[in-house]
Amino acid sequence: MSIGDARTRILDAAEELFAGSGYEATPTAMIARFARVPKGLIFHYFPRKIDVLVALVDERTLVEEGREVDAVPGDPAGTLARLARGLPLRASPAMRRILFREADTHGSVKERLGRLNGELISRARFALELALPGTRGDAARLEVAAATFAAVLLYQENLCQLTGHQIDPDAVAELIAHALG
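Source: prediction; values computed, not measured.

Notes on the overall build of the protein chain
So, point 1. Counting its regular elements, the protein chain contains 9 helices and 2 strands.
So, point 2. When the helices and strands of the protein chain are read in sequence order from the N terminus, they spell out α-α-α-α-β-α-β-α-α-α-α.
So, point 3. Taken across its 181 residues, the protein chain has 44% of its residues classed as buried.
So, point 4. Sequence-distant contacts, at least 24 apart, represent 71% of the contacts inside the protein chain between residues at least 6 apart.
So, point 5. Surface exposure of the protein chain reaches about 9200 Å², of which carbon and sulfur atoms provide 56%.
So, point 6. Placing the 22 positive and 24 negative side-chain charges of the protein chain at their respective mean positions leaves the two points 5 Å apart.

Below is the structure:
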């Protein structure tokens, strides 16, 4: 087992366990057991348990660089739907659950969630501005539309877990486009 593999297995185990039981309810011994590594190795990579959570959030939740948007003027629904499908959002359903579960008690997690939300809103607003070139003067409506769309993209896993219903981003894109039309 290489050093990188052990660290990755520790993070994989922590992601699964924190998503299922929460950070506070997951002892490092359980992470070590799931990762199949000695408990001391966890502390080699992560001096404190909170460092495992911080590494997960920093490394596994981000919106990758690049502002290319496949926007078609006059087609805000199609533009948002393509944005949702092509958005390089790196946050697994488990990581999204961790973000929402731990944001109330860990400032770094709350900050990351805020940055993710802000970036998604920014990209959705930019896409809508390209798709609806005449609406730049209506910044408040575009901001609300972009925030609504970003919320669906970020929160859909939590809503699905709570309700059992998956939200279709294409349907949300249609609804938002209709409201802007």
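The discussion continues.
Here we look at the environment of Arg 115
So, point 1. Tracing the backbone through its elements, the reader meets Arg 115 in helix H7 (residues 107–131).
So, point 2. Looking at Arg 115, the relative accessible area reads 41%, which means it is partly exposed.
So, point 3. Taking C-alpha positions, Arg 115 is 8.6 Å from Leu 62, a pair spaced 53 residues apart along the chain.

Regarding the pattern of salt bridges
It is possible for side chains of opposite charge to pair when their charged atoms get near one another.
So, point 1. A complete count under the given rule lists 12 salt bridges for this structure.
So, point 2. Across the pair Arg 82 and Asp 75 runs a salt bridge, and its minimum N-O distance is 3.8 Å.
So, point 3. Among the residues examined, Asp 75 registers a relative accessible area of 27% and is labelled partly exposed.
So, point 4. Across the pair Glu 143 and Arg 125 runs a salt bridge, and its minimum N-O distance is 2.2 Å. Here Arg 125 lies in helix H7 and Glu 143 lies in helix H8 (residues 139–163), a separation of 18 residues in the sequence.
So, point 5. For Glu 143, a relative accessible area of 31% translates into the label partly exposed.
So, point 6. One connected set of salt bridges, linked through shared partners, spans Asp 12, Glu 15 and Arg 60.

Describing a nonpolar patch on the surface
So, point 1. Where nonpolar side chains cluster on the molecular surface, the patch consists of Tyr 155, Leu 159 and Leu 162 and spans about 290 Å² of accessible area.
So, point 2. Along the polypeptide, Leu 162 turns up in helix H8.
So, point 3. Leu 162 gets classed as exposed once you look at its relative accessible area, which sits at 71%.

A closer look at the packing of aromatic side chains
So, point 1. Considering all chains together, one arrives at 3 aromatic pairs under this definition.
So, point 2. The interplanar angle of 70° and the centroid separation of 5.3 Å between the aromatic rings of Phe 18 and Tyr 23 together place this pair among those described as edge-to-face. There is no split in this pair, since Phe 18 and Tyr 23 are both buried.
So, point 3. With centroids separated by 6.2 Å and ring planes inclined at 50°, the aromatic side chains of Tyr 45 and Phe 46 adopt a geometry described as tilted.
So, point 4. The class for Tyr 45 is buried, based on a relative accessible area of 18%.
So, point 5. In this structure, Lys 49 is placed above the aromatic ring of Tyr 23, and the distance from its NZ or CZ to the ring centre is 4.3 Å.

Quick notes on the side chain of Lys 49
So, point 1. The residue Lys 49 is located in helix H4 (residues 49–60) in this model.
So, point 2. Buried charge Lys 49 goes without a salt bridge, the closest partner of opposite sign being Glu 24 at 5.2 Å.
So, point 3. Setting aside anything within four residues of it in sequence, one finds Lys 49 in contact with Phe 18, Tyr 23, Glu 24, Thr 26, Pro 27 and Thr 28.

Cut-offs applied
Residues numbered from 1 in each chain as written. Predicted model: local features only at pLDDT ≥ 70, side-chain atom pairs only at ≥ 80, totals over all residues. Heavy atoms only, no water. Helix = DSSP H or I, 4+ residues; strand = E, 2+ residues; numbered from the N terminus. Buried < 20%, exposed > 50% of the residue type's maximum accessible area, 1.4 Å probe, protein only. Contact = heavy atoms within 4.5 Å. Areas by Shrake-Rupley, 256 points an atom, 1.4 Å probe, with all protein chains shown as cover. Lys, Arg positive; Asp, Glu negative; His and termini not counted. Charge placed at Lys NZ, Arg CZ, Asp CG, Glu CD. Salt bridge = Lys/Arg side-chain N within 4 Å of Asp/Glu carboxyl O. Patch = residues over 30% accessible without salt bridge, like charges linked within 9 Å, V, L, I, M, F, W, Y side chains within 5 Å. Phe/Tyr/Trp six-rings, centres within 6.5 Å; stacked < 30°, edge-to-face > 60°. Lys NZ or Arg CZ within 6 Å of the ring centre and 35° of its normal.

All quantities given are derived from atomic positions and should not be read as evidence of function.
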